[in-house]
Amino acid sequence: MPALATSDIIAVIGAGAMGAGIAQVAAQAGHPVRLYDNRDGAAQAGIDGVRRQLEKRVARGKVAQAEVDAIVSRMTPAATLAELADSRLVVEAIVENLEVKRGVFAELEALCGPDTLLASNTSSLSITSIAAGLERPERVAGLHFFNPAPVMKLVEVISGLATDAEVAETLYATAAAWGKVPVHASSTPGFIVNRVARPFYAEALRLMQEGAAAPATLDALLRQAGGFRMGPFELMDLIGHDVNYAVTRSVFDAYYGDTRFEPSLVQQALVEAGRLGRKSGQGFYDYREGAEPVEPDFAPAVEATLPPLVAEGQLGAIAPLVARAEAAGLEVVCRESISGEARLRLGGLTLALSDGRCAAERARDEGLEALVLFDLCLDYETTSAIALASSPGVDAEARTLAAALFQHLGLGVAWLTDTPGLAVLRTVAMLANEAADAVLQCVCSARDGDLAMQAGVNYPRGPLAWADALGLAFVHRTLTHLQQSYGEERYRPSFLLRRKALAEESFHV
Ligand code: NAI
């Protein structure tokens, strides 16, 4: 389906943070835009706000004044809903309340022609519910922008039960023509991003609650080793714990209490205490004046004479780590092994990538005296930090040796309490698991699931592409081990991971 023509009028209802931003996006793309808000003066204030934002860009030499004048001249405040009647598309971005939204859509249906497309920017309400009761629910869809709308690339195009496929395709093409990255999703709780992202927060909260490591250490690991732009704790502090907790609660309730989405008591306590994050001055971190920044708890630099590093088996994902050791001047010996599994040996110490078992369990299973597990890294060639955990048989000397190895490669070393799946592997496995279930349940395609997480929340890699690279059998095994370790349904692997692993398929060909 072609995109709407730039001569088509776009109406936006609600001139708050999102509505004004969406109006700006449409005006920048060349459309005449009408902005309506039921608060007196709000529509004009929204347009003035857009001008101010754009003029800051003029001052920085990013855009010409004439261009800003042209964009703003295309935006007109509307005094009544009736003034939106001849629009080709209406995007609603008002208060997040089903009854109020339904009322507005019913009024729009009475005012607009039969071909006007009606879209909602809702982040949590069902498009099916919003459209229910209308005469023509097939022309209603979700058009879910991310905040700030002019900056964030992702737009989730949401189809409710009645949405016409051509309507969804037209909105998809239009969002693309506006310079956005559109994805299709069916109307299910959390759509794609607000569902698939839950484990990013939940696993970090859980690790902290179990005393595996402190927030600053976990943040550093997810950033430096995981490649995420922000750590989960600093991100929750930025979003606001009231907002983040409410989203988790609503997704948890909407999925009938599925423990995968279980809200955290740690976060609930922050909300109860009024420690909402940056906006209240305190969250996991202290933002008040004079507060000292908290440093990650990395092991102090140690000196040790390193024996040759023996790399056994099919190295797979950790091959770049071995190459990095070689490049750092270590003597590296590569050899086959009977099992073919990747192991590193440093004297009597064995090191291995976590597979979701804790070190104590894996050392017992594999008959090893001293085992150090290391965490997944987005890129072992460039990572600047890594998490480690040791089995009970690892003494102080062996810990020093393990830390010295990674420090020799230039990595900060964080020792976690012996925890299944460590920090990055566990987070990535759970993100991929959630994305896999969204694909299994036909919420989105694998391509769109990955695109959504990259364009909507800046993930360094789509969770499914990441799982492909690790091997779906490995991700499935990791989740099974987590499930066994905790005895919880929360970690049950998605059937789609199993089916694809059995068929030796990947998500992306
Ligand atoms: P906001 O509170 O900043 O703005 C809402 C605006 O709608 C206000 O100016 C209000 O006066 C106006 N309004 C309320 N009821 C109205 C009605 N019946 N008719 C006309 N105008 C009305 O809210 P925000 O943050 O812009 O959110 C708007 C929508 O976008 C909500 O559905 C929200 O869930 C969704 N959303 C919000 C995101 C965010 O990060 N803030 C991100 C993505 C979606």
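It should be emphasised that the depicted structure is a prediction, and the values quoted were computed from it without experimental measurement.

Engineer: Got a minute to help me understand the UniProt feature "domain: 3-hydroxybutyryl-CoA dehydrogenase reduced Rossmann-fold" (unreviewed entry) in the protein in this structure?
Structural biologist: When the UniProt feature table is mapped onto this chain numbering, "domain: 3-hydroxybutyryl-CoA dehydrogenase reduced Rossmann-fold" (unreviewed entry) sits at residues 351-420. End C-alpha atoms of residues 351-420 are separated by 15 Å, and the span's content is 29% helix alongside 24% strand.

Engineer: Looking at this model, I keep getting lost on unusual backbone geometry. Mind explaining?
Structural biologist: Phi is mostly negative for residues that are not glycine, and the peptide bonds are mostly trans. Cis geometry is adopted by the peptide bond preceding Pro148, which originates at Asn147 and carries an omega value of -5°. Notably, Phe191 is not glycine yet its phi reads approximately 50°, a positive angle. Within the secondary structure, Phe191 sits in the loop between strand 8 (181-186) and helix 7 (193-196). At Asn458, a residue that is not glycine, the phi angle is positive and equals roughly 60°. Residue placement: Asn458 occurs in the loop between helix 17 (446-457) and helix 18 (463-470).

Engineer: Even after reading the chapter, I still don't get the site of the ligand, so can you show me in this structure?
Structural biologist: If you check the shell around the ligand, you find 23 residues, and the closest are Met18, Asp37, Arg39, Glu96 and Lys101. With respect to the ligand, the side chain of Glu96 contributes an N or O atom lying 2.5 Å from an oxygen atom. Take Asn147: an N or O atom from its side chain is 3.3 Å from an oxygen atom of the ligand. Within the complex, 74% of the 830 Å² of free accessible area of the ligand lies under protein. Every element with two or more residues in the shell around the ligand is listed here: helix 1 (17-28), helix 4 (98-111) and strand 6 (140-145). Top contributing element to the shell around the ligand by residue count: helix 4, with 3 residues. A per-class count over the shell around the ligand returns 11 nonpolar, 8 polar and 4 charged.

Engineer: Hey, could you run me through helix 10 (residues 232-239) in this one?
Structural biologist: Note on helix geometry: an α-helix contains 3.6 residues per turn, so any two residues three or four positions apart are oriented the same way. Most of helix 10 is tucked away, with 6 of its 8 residues classed as buried. Restricting attention to buried positions, one finds in helix 10 the residues Pro232, Phe233, Glu234, Leu235, Met236 and Asp237. Where the residues of helix 10 are buried, they touch helix 8 (198-209), helix 9 (215-225), helix 11 (241-254) and helix 12 (265-273). Immediately beyond the C-terminal end of helix 10, within one or two residues, lies Gly240, with a positive phi of roughly 105°.

Engineer: Is there a simple way to think about the environment of Glu336 in this case?
Structural biologist: Inspection of the secondary structure assignment puts Glu336 in the loop between strand 10 (332-335) and strand 11 (343-346). Between the alpha carbons of Glu336 and Arg139 there is a distance of 61 Å; along the sequence they are 197 residues apart.

Engineer: Looking at this structure, how should I read the sheet that holds strand 8?
Structural biologist: The strands making up a sheet are joined through hydrogen bonds of the backbone, oriented either antiparallel or parallel. Taking strand neighbours across the sheet as the criterion, the 8 strands line up as 3-2-1-4-5-6-7-8 in an open arrangement whose pairing is mixed. If you trace the sheet from one side to the other, it starts and ends with strand 3 (75-78) and strand 8, each paired once. Each adjacent strand pair in this sheet contributes to an overall mean axis angle of 25°, direction not counted. As paired elements, strand 2 (residues 33-36) and strand 3 share 4 bridges and run parallel to each other. Paired with Tyr36 across the bridge in strand 3 is Ala78. Packing of helix 17 onto the sheet brings it into contact with strand 7 (154-159) and strand 8, and relative to strand 8 it is tilted by some 130°.

Engineer: Sorry if this is basic, but what is going on with the UniProt feature "domain: 3-hydroxyacyl-CoA dehydrogenase NAD binding" (unreviewed entry) in the protein here?
Structural biologist: Per the UniProt record, "domain: 3-hydroxyacyl-CoA dehydrogenase NAD binding" (unreviewed entry) is annotated on residues 10-185. In the segment residues 10-185, helix accounts for 40% and strand for 21%; the C-alpha atoms at its two ends are 22 Å apart.

Engineer: What is the right way to read the pairing of strand 13 (residues 371-374) from this model?
Structural biologist: One face of the sheet, then the other: side chains in a regular strand alternate in exactly this way. The alternating pattern of strand 13 places Leu371 and Leu373 and Val372 and Phe374 on opposite faces, both of which are buried. Here strand 12 (residues 349-353) runs beside strand 13; their pairing, made up of 4 bridges, is parallel. Among the inter-strand pairings, Thr350 is bridged to a residue of strand 13, identified as Leu371. In the classification by handedness, the crossover that spans strand 12, the intervening helix 14 (residues 359-365) and the parallel strand 13 is right-handed.

Engineer: Looking at this structure, how should I read the sheet that holds strand 10?
Structural biologist: Pairing in this open sheet of 7 strands is mixed, and the strands run 10-9-11-12-13-14-15 from one edge to the other. Lying at the two open borders of the sheet, with one neighbouring strand each, are strand 10 and strand 15 (412-415). With strand direction ignored, the average angle separating the axes of adjacent strands in the sheet is 25°.

The rules behind the values
Residues numbered from 1 in each chain as written. Predicted model: local features only at pLDDT ≥ 70, side-chain atom pairs only at ≥ 80, totals over all residues. Heavy atoms only, no water. UniProt positions renumbered as here; feature names shortened; annotations may be inferred. Helix = DSSP H or I, 4+ residues; strand = E, 2+ residues; numbered from the N terminus. Near = heavy atom within 4 Å. Polar contact = N/O pair within 3.5 Å; in protein donor to acceptor, adjacent residues only side chain to side chain. Areas by Shrake-Rupley, 256 points an atom, 1.4 Å probe, with all protein chains shown as cover. Nonpolar A, V, L, I, M, F, W, Y, C, P; charged D, E, K, R; others polar. Buried < 20%, exposed > 50% of the residue type's maximum accessible area, 1.4 Å probe, protein only. Contact = heavy atoms within 4.5 Å. Pairing = 2+ DSSP bridges. Axes fitted to C-alpha atoms, helices over the stretch in contact; angles between N-to-C directions. Right-handed = clockwise from strand over helix to strand, strands pointing away.

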